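# Chains, contacts and geometry: an overview
The residues making up each chain are set out below.
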Number of protein chains: 2
Amino acid sequence: MRISELSEQSGIPVASIKFYIREGMLPRGATTSATRAEYDEQHLARLRLIQALSDVRALPLARVKEILALVDAPEDSPYATLGKAVSALPPYAEEASTERARETIEMLGLTYDERFAAVAQLEAAIRGIEAAGLAWDAETATRYAAPLAQIAAAELAPLADLNESEQVSYAVLGTAMYEPAILAIRRLAHQHLLATGLTDDDM
Amino acid sequence: MRISELSEQSGIPVASIKFYIREGMLPRGATTSATRAEYDEQHLARLRLIQALSDVRALPLARVKEILALVDAPEDSPYATLGKAVSALPPYAEEASTERARETIEMLGLTYDERFAAVAQLEAAIRGIEAAGLAWDAETATRYAAPLAQIAAAELAPLADLNESEQVSYAVLGTAMYEPAILAIRRLAHQHLLATGLTDDDM
């Protein structure tokens, strides 16, 4: 298809498509004449991915590029690839100390690498919780640990059935793209509980 | 304390503090003379809250104001207050149809109000997941439902022991501020599983 059709099918303006090509986020089309290039379904899929990361995840352009670069050229192991993908996700706060996070992680008995971005992200999260006047203690952390371990295990289960390139896409994009669904379902679960149970009796 | 000390203790520049006061996000200090106002611990707590919402949650100013307004003047019921708080959180995508989200919610057996922002947020999440080439089907949704219901129930349990104003803060700020911790712990659980189990055998 021509760039105008690619634009029409993706809903993304031609100028933006050209920008993504210049930035190396989208491969050039196959040149068919001096003024014409041909695009295919893979270009369309890539544009939809860029849109999902920019719009639904609201990631800044530099972070979208990091995610795309990982999908295209992953690290040596899924462990390392996932580690890098996580560092492209918010919160981006640089934490001078990660003491509170490490305390929680060790209390929960998780194996971790202290350079892993999620450690600093948990530290930022804990400081945010406390800055808002809310509690973060062993009891609070524990209410999240077992259910999230269950989710994480279920999410990793399909990896075994994927080929290497699918594993990378699944790990990198799954980390980024399932998160908004998790948050939405938690919010819906709160609403369900308030509507069906807690509202009349306890609140 | 004077505004200079408030700035020092919060790490927020005086100009920003004055801006928050002009925007109605922070109460004025008590006037002690024509050129002096006195601030207290409540001002400091409010500044920390603004910072947590802006930095850790990376919410735009207009959304921070919505959250603060809800804490100060909640709706008639926690159900309605929580509904409004959720609409101040991302993803903000307006979805013309919420068919996919409603299909999931009904499959999961949750009671819901279709105007609740989390419905459109789930729709945006599902579209993002599929735009990234990932699956969203009954099996996928089910892996999240029971663990998140467990988390939601544990989160609502403390409400019963709080007074009305504490309930509002807890519901509104808890919705916003525990989310980054949930995401960080999920990312850490993935790393733990890859490090301890899946890496050698299955990947």
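Residues numbered from 1 in each chain as written. Chains lettered and ligands numbered in written order. Predicted model: local features only at pLDDT ≥ 70, side-chain atom pairs only at ≥ 80, totals over all residues. Heavy atoms only, no water.

Looking at an unreviewed UniProt entry, one finds chain A named MerR family transcriptional regulator, with Microbacterium schleiferi as its source organism.

## Details of the packing of helix α7 (residues 117-131) of chain A against helix α3 (residues 41-56) of chain B
Packing of α7(A) against α3(B) leaves a shortest axis separation of 8 Å and a crossing angle of 145 degrees. For the crossing formed where α7(A) meets α3(B), the hand is left-handed. Contacts from Ala124(A), Ala125(A), Gly128(A) and Ala131(A) in α7(A) reach Ala45(B), Arg48(B), Leu49(B), Ala52(B) and Val56(B) in α3(B). In terms of residue class, the contact of α7(A) with α3(B) is made up of 7 nonpolar, 1 polar and 1 charged. (Axes fitted to C-alpha atoms, helices over the stretch in contact; angles between N-to-C directions. Helix = DSSP H or I, 4+ residues; strand = E, 2+ residues; numbered from the N terminus. Left-handed = near helix turned anticlockwise from the far one by under 90°. Contact = heavy atoms within 4.5 Å. Nonpolar A, V, L, I, M, F, W, Y, C, P; charged D, E, K, R; others polar.)

## Thoughts on the UniProt feature "domain: HTH merR-type" (unreviewed entry) in chain A
Using the residue numbers shown here, the UniProt feature "domain: HTH merR-type" (unreviewed entry) corresponds to residues 1-70 of chain A. Along residues 1-70 of chain A one finds 61% helix and 10% strand; the C-alpha atoms at either end are 27 Å apart. (UniProt positions renumbered as here; feature names shortened; annotations may be inferred.)

## With respect to the relation of the copies chain A and chain B
In the superposition of chain A on chain B (RMSD 0.0 Å, axial shift 0.0 Å), the rotation amounts to 180 degrees. On this basis, the relationship between the two copies can be described by a two-fold rotation axis. Residue Pro147(A) of chain A places its C-alpha closer to the rotation axis than any other residue of that unit, at 2.3 Å. Mapped onto chain B, 100% of the interface residues of chain A again fall at the interface, so both copies present the same surface. (Least-squares fit on C-alpha atoms with pLDDT ≥ 70 in both.)

## A few points about unusual backbone geometry
The omega torsion across Pro90(A) and Pro91(A) is -5 degrees, close enough to zero to call that bond cis. Among the secondary structure elements, Pro91(A) is positioned in the loop between α5 (78-87) and α6 (99-107). Even without being glycine, Ala58(B) reaches a positive phi, approximately 55 degrees. Turning to its location among the elements, Ala58(B) is positioned in the loop between α3 and α4 (61-72).

## Considering the pairing of strand β1 (residues 30-33) of chain A
All names here are of chain A. With 3 bridges joining them, β1 and strand β2 (residues 36-38) adopt antiparallel strand pairing. For threonine 31, the partnering residue across the bridge sits in β2 and is alanine 37. Once β1 ends, the chain turns through 2 residues before running back antiparallel as β2. (Pairing = 2+ DSSP bridges.)

## Remarks on the interface of chain A and chain B
On the side of chain B, 79 residues touch chain A, which itself brings 79 residues to the contact. Summed over the shared surface of chain A and chain B, the result is 6 salt bridges. Where chain A meets chain B, there are 26 residue pairs in polar contact (both at pLDDT 80 or more). Of all the secondary structure elements, the ones that give two or more residues to the side of chain A that touches chain B are α3 (41-56), α5, α7, α8 (138-156) and α9 (164-201) of chain A. Residue contributions to the side of chain A that touches chain B peak at 27 residues, all from α9(A). Residue classes in the side of chain A that touches chain B are distributed as 56 nonpolar, 14 polar and 9 charged. (Salt bridge = Lys/Arg side-chain N within 4 Å of Asp/Glu carboxyl O. Polar contact = N/O pair within 3.5 Å; in protein donor to acceptor, adjacent residues only side chain to side chain.)

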